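Secondary and tertiary structure notes
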Amino acid sequence: MSARRSLVLSVVLALGAGAAPLPAQQFVTFPGWAHDVTPDGAVVVGNNANGALYWRWQIDPSPVSIGGNLAVAVSDDGTVIAGNIDHPVTGEEVAARWTAETGWVSLDGFDTCGSLSTAYDISGDGQQIVGLAWIGCNARAFRWTEGTGMELLDELGFGDNRASTISSDGAVMAGFGDAGLLTNRWPAVWAADKTGEIWNPPVLGEVNGLNNDGSVQLGTAGATTPSKAFYKSAATGVVYLGSLQFGWGSYAYAISEGGGTIVGFDSQGLARKAWIRQAPSHALVALQGHLT
């Protein structure tokens, strides 16, 4: 499974420790909100009411508090974390990067609208972070790169943009651009040179996840309400996955590199029900039942 995006907010992990086959899976409850996991499943990051958490669950008896407000994503080797903290001078929320050596370091921003910037994802090597920064109260997609700092990506649609995800290799970024219809959004994609585009033809929705090289996009889209989970590639075009719960919206967040497994969730109001879609049936199956 690609490292990008854990979908279950209060999550039960079913992970195998070590490379050797195990007689049974081990269920480990994460005491808080889990937001990302390394590709080998060894490190989980997230938060609880007291701040960001880092857990090598096969080694540490419980998650380690690392300060800050929220850990949203972790590098493939588990050593670099993207998240959000209170700015040490202004106190406003700001995107930040954490390592064991430096602790949390602010990525700063350009302007303020109650906060400076918000991190959403990190590249596999931990050298790039993407998210949302403010110019006045206009939201703009950004990429922070080690050695360069924070840069704005192309402004798309009607102005309010967010880079919600970056491919593991850092070549593709994606999220949404403002569709100019109150809170409606168009799926948006940016290249490594910061140029971007709205889907053509445009459809309401957003991209929430990418595979390792960005050739597959995942998210929620559609002309109907509620919108439905999709995956998109050059070979397949847009494929809608439906939903597990009748009448609910659905969101796809992560895909295995072979493409045989997709994970996401249905949503209605504040309720969420996680699902998994696997070959050969390609049917949506409730994650709780699948793990059981």
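Anyway, here's the lowdown on the structure attached to this text. The numbering scheme is per chain: residues are counted from 1 as the chain's sequence reads. Side-chain atom pairs in this predicted model are given and counted only at pLDDT of 80 or more, local residue features only at pLDDT of at least 70, and totals for whole chains, interfaces and linings cover all residues. The basis for the side-chain values is all heavy atoms of the structure; hydrogens and waters are excluded.

Things to note about the overall build of the chain
What counts is decided by this rule: For the purposes of this entry, the term helix denotes a DSSP run of H or I that reaches at least four residues, the term strand denotes a run of E that reaches at least two, and both are numbered from the N terminus. Buried residues are those whose accessible area, probed at 1.4 Å on protein chains only, stays under 20% of the maximum for their type, while exposed residues exceed 50% and partly exposed ones sit between those limits. Contacts: residue pairs with any heavy atoms within 4.5 Å of one another. Areas reported here follow the Shrake-Rupley algorithm with a probe of radius 1.4 Å; residue values treat only the protein chains shown as occluding. His residues and chain termini do not enter the charge count, which takes Lys and Arg as positive and Asp and Glu as negative. Think of each charge as sitting on NZ of Lys, CZ of Arg, CG of Asp or CD of Glu.
Helix and strand content of the chain: one helix and 26 strands. For the chain, the spread of C-alpha atoms along the three principal axes comes to 55 × 45 × 35 Å. Counting every position in the chain, which comprises 292 residues, the buried fraction comes to 53%. In the chain, 36% of the contacts between residues at least 6 apart in sequence involve partners at least 24 apart. Summed over its atoms, the accessible surface of the chain is roughly 12900 Å², and 55% of this surface lies on carbon and sulfur atoms. Averaging the positions of the 14 positive and the 26 negative side-chain charges in the chain gives two centres separated by 8 Å.

Quick notes on the sheet that holds strand E7 (residues 70-74)
The condition is simple: Two strands are said to pair when DSSP picks up at least two bridges between them. Only C-alpha atoms enter the line fits that serve as axes; for helices the fit covers just the stretch in contact. Angles between N-to-C directions range over 0 to 180 degrees.
Reading across from one edge, E7-E8-E9-E10 is the order of the four strands in this open sheet, with antiparallel pairing throughout. Each end of this open sheet is capped by a strand with a single partner; those strands are E7 and strand E10 (103-106). Going across the sheet, the axis of each strand differs from the next one's by a mean of 35°, ignoring polarity.

Topic: the pattern of salt bridges
Oppositely charged side chains can form a pair if their charged atoms are brought close together. Spelled out, the test is: Throughout this description, the term salt bridge denotes a Lys or Arg side-chain nitrogen within 4 Å of a carboxyl oxygen of Asp or Glu.
What the rule picks out here adds up to seven salt bridges. When the shortest N-O distance is used, the salt bridge between aspartate 60 and arginine 56 registers 3.1 Å. Owing to a relative accessible area of 34%, arginine 56 belongs among the partly exposed residues under this scheme. Here lysine 194 ties to glutamate 151 by a salt bridge, and the two come within 3.1 Å at their closest N and O atoms. With lysine 194 in the loop between strand E17 (185-191) and strand E18 (196-198) and glutamate 151 in strand E14 (residues 149-152), this pair connects stretches of sequence that are 43 residues apart.

Considerations on the environment of leucine 241
Relative to the helices and strands, leucine 241 is located in strand E22 (residues 237-242). If we skip the residues at most four places from it in the chain, leucine 241 touches Ala229, Phe230, Tyr231, Ala252, Ile262, Trp275, Arg277 and Leu284.

Details of the pairing of E10
When strand E9 (residues 93-99) meets E10, the two strands line up antiparallel, connected through four bridges. Directly across from arginine 97, in E10, lies its bridge partner valine 105. Connecting E9 to the next strand, E10, in antiparallel fashion are three residues.

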